[in-house]
Amino acid sequence: MTMTVHKADAPASTASAPELIKAVPVRHPGRWVGAAVIVLLLALAVQSLATNPNFHWETVALYILDVNVVRGVGWTLLLTVLSMILAIVLAVVLAFMRQSDNPIFRWSAWAWVWFFRGTPVYTQLIFWGLVTVLYPTVSLGVPFGPALVTWVLEDPTRGFLPAVIGLGLNESAYLAEIFRAGLKSVDKGQMEAAEALGMHRGKIMRRIILPQAMRVIVPPTGNETIGMLKTTSLVLAVPFTLDLTFVTNSLANKTYLPIPLLIVAALWYLLVTSILMVGQHFIEKHYGKGVDNLAPAAVVNPAATKAAAAGLGSAADTMPGGPTVAGKDIEESGR
C-alpha cells in the first residue's frame, strides 16, 4: 500500500527561508590610483624638505621662538581681535540700517558698503596712516561758522590705532552683507508673529531672529576672521612695524636668509589659523543644534536579520493564500 504526501501536508519547518542578497562592493580602481599618486607626491615633498639644505631648517629652529617673533605674533593677534570687534559692531549697525524703512538709513549703509568694498584695503591703510597730514586739527562747531572745539590730531600709538581703524572699517563692509544675509534667512512671519504677541523689536531680534540667523552668519564670519589675521600683514602701509610679517622680514634682511624666515612666519600663521578653525567649528556646532545634526543610522545585525527573514518565511507558508500573498503583505507593511 502506497501513500502519497501532498505538498500542502508538508511541515512548515521544512520550508526554505528566503536567502539574503550577497552584495558585492563596487570596485573603484580610480580611487586607489589617485590615492597612490597623492601618497607618492607627499613622499617626494617630504624628501625634498628633508634633504634640501637651502631651506636652512637650523635657522628656522633658531628664530621660531625668537622673542621678537613671538612679540610680533602677539601684536598680530591684538590687531586681529580689535579690528574684528570694530568691524562686527559697525556691521551689525549697517545690517539693521539696510533693513530699515527709512530711506536715508538704507542709502547711507549702501554707500558705506559700496565705498569700503570698492577700494583696496592697502589704499585705505595708507590713507589712515596719512590722516594726520590731511587733517592736522579737527574742529567741531557751526558749519561755515566759528569752531567751538578744536583737537590736534596726533598718533602716540605709532601706527597701531590707524591700522585698527583701517582694517576694521574695511572689514565692516563685508561683514555687513554677511549679517544682512543672515537676517534675511529667517522667515519674516516669525517677526510678525512675535509682534502680534506684543514683543518689541529689540527683544524679537535678540531672542528670535539672531539665534536663528547665527547659523548662517557664523561660518563666513569665521572665514573673514581668518582672512583678517592674514590681512594684518599689510599694516606696513600705515606704517605699523611690530606685526609678525614685518618682524620676520626685518630678520631676513639682517641674516640674508629670506626663505627660513618666511617659513617661520608661515608656521605661526598656520598655528593661529588652526586654533581659530577649531573655535569656529565649536561655535558652528552650537548654533547648528537641531538643524545640522542628523540622526545616526541604525545598526543592522545580520544574524538577527536572517533569523527574522526565516521566521517570516515560515509564517508565510502557514498563512492562507501561500507565501506570495504573505510576502506581499509584509513588503507593503515595511514600506
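The rules behind these values
- Residues numbered from 1 in each chain as written.
- Predicted model: local features only at pLDDT ≥ 70, side-chain atom pairs only at ≥ 80, totals over all residues.
- Heavy atoms only, no water.
- UniProt positions renumbered as here; feature names shortened; annotations may be inferred.
- Helix = DSSP H or I, 4+ residues; strand = E, 2+ residues; numbered from the N terminus.
- Pairing = 2+ DSSP bridges.
- Patch = residues over 30% accessible without salt bridge, like charges linked within 9 Å, V, L, I, M, F, W, Y side chains within 5 Å.
- Areas by Shrake-Rupley, 256 points an atom, 1.4 Å probe, with all protein chains shown as cover.
- Salt bridge = Lys/Arg side-chain N within 4 Å of Asp/Glu carboxyl O.
- 1 Å grid on protein atoms, 1.4 Å probe; cavity = no way out; pocket = protein on both sides within 12 Å on 5 of 7 lines; lining within 4 Å.
- Points joined across faces, edges and corners; volume = space filled by probe spheres on them.
- Core = buried A, V, L, I, M, F, W, Y, C linked by side-chain atoms within 4.5 Å.
- Buried < 20%, exposed > 50% of the residue type's maximum accessible area, 1.4 Å probe, protein only.
- Contact = heavy atoms within 4.5 Å.

Considering the UniProt feature "transmembrane region" (unreviewed entry) in the chain
- UniProt's feature table lists "transmembrane region" (unreviewed entry) at residues 32-52, 72-97, 133-153 and 258-279, given in the numbering used throughout.
- In the segment residues 32-52, helix accounts for 95% and strand for 0%; the C-alpha atoms at its two ends are 30 Å apart.
- Helix makes up 100% of residues 72-97 and strand 0%, and the two end C-alpha atoms of the span are 37 Å apart.

Some words on the pairing of strand 2 (residues 147-152)
- Here strand 1 (residues 137-141) pairs with strand 2 via five bridges, running antiparallel. In the strand pairing of strand 2, Ser139 is matched with Thr150.
- The turn linking strand 1 back onto strand 2 is made up of five residues, and Phe144 within it adopts a positive phi angle of 60°.

Things to note about a nonpolar patch on the surface
- Together, Phe127, Leu134, Tyr135, Val138, Leu140, Leu148, Val149, Trp151 and Leu153 make up an exposed nonpolar region whose accessible area comes to about 860 Å².
- Broken down by secondary-structure element, the contributors of at least two residues to the nonpolar patch are strand 1 and strand 2.
- Ranked by residue count, the leading element in the nonpolar patch is strand 2, at three residues.
- Along the polypeptide, Leu153 turns up in the loop between strand 2 and helix 7 (160-184).

Points about empty space enclosed by the protein
- Following the criterion strictly, the structure yields one cavity of 30 Å³ or more and no others.
- In this model, the largest cavity occupies a volume close to 40 Å³.
- Around the largest cavity sit Val73, Thr76, Leu77, Leu229, Leu244, Trp268, Tyr269 and Val272, which together line it.

So, the nonpolar core
- The biggest cluster of nonpolar side chains holds 36 residues, and the ones touching the most others in it are Leu79 and Ile209.
- Mapped by element, the contributors of at least two residues to this core are helix 3 (67-99), helix 4 (103-118), helix 5 (121-129), helix 7, helix 8 (188-196) and helix 9 (201-231).
- Among the elements that make up this core, the one with the highest residue count is helix 7 (eleven residues).
- Discounting chain neighbours no more than four positions away, the residues touching Leu79 are Phe160, Ala163, Val164, Thr232, Val235 and Phe240.
- Counting 16 residues, the second-largest nonpolar core is a separate cluster that includes Val60, Val264, Ala265 and Val272.

As for the pattern of salt bridges
- Applying the stated rule across the entire model yields three salt bridges.
- For Arg98, the salt bridge identified is with Glu177, shortest N-O distance 2.9 Å. Of this pair, Arg98 sits in helix 3 while Glu177 sits in helix 7, and the two are 79 residues apart along the sequence.
- Looking at Glu177, the relative accessible area reads 17%, which means it is buried.
- Each of Arg98, Glu177 and Arg180 takes part in one network of salt bridges that share partners.

Digging into the environment of Phe240
- For Phe240, the location among the structural elements is in the loop between helix 9 and helix 10 (244-255).
- Given a relative accessible area of 2%, Phe240 falls into the buried group.
- Those residues in contact with Phe240 that lie beyond four places of it in its chain are Trp75, Leu79, Arg158, Gly159, Phe160 and Val235.

Some details on the layout of surface pockets
- Empty space within the largest pocket amounts to approximately 480 Å³.
- Surrounding the largest pocket, 15 residues form its lining, Gln99, Lys188, Met191, Arg201 and Met205 being those nearest its centre.
- At four residues, the largest contribution of residues to the lining of the largest pocket is made by helix 8.
- Counted as a void, the second largest pocket has a volume near 410 Å³.
- Every residue lining the second largest pocket is counted, 19 residues in all, and those nearest its centre are Ile88, Val218, Thr221, Gly222 and Thr225.
- For the lining of the second largest pocket, the leading source of residues is helix 9, giving eight residues.

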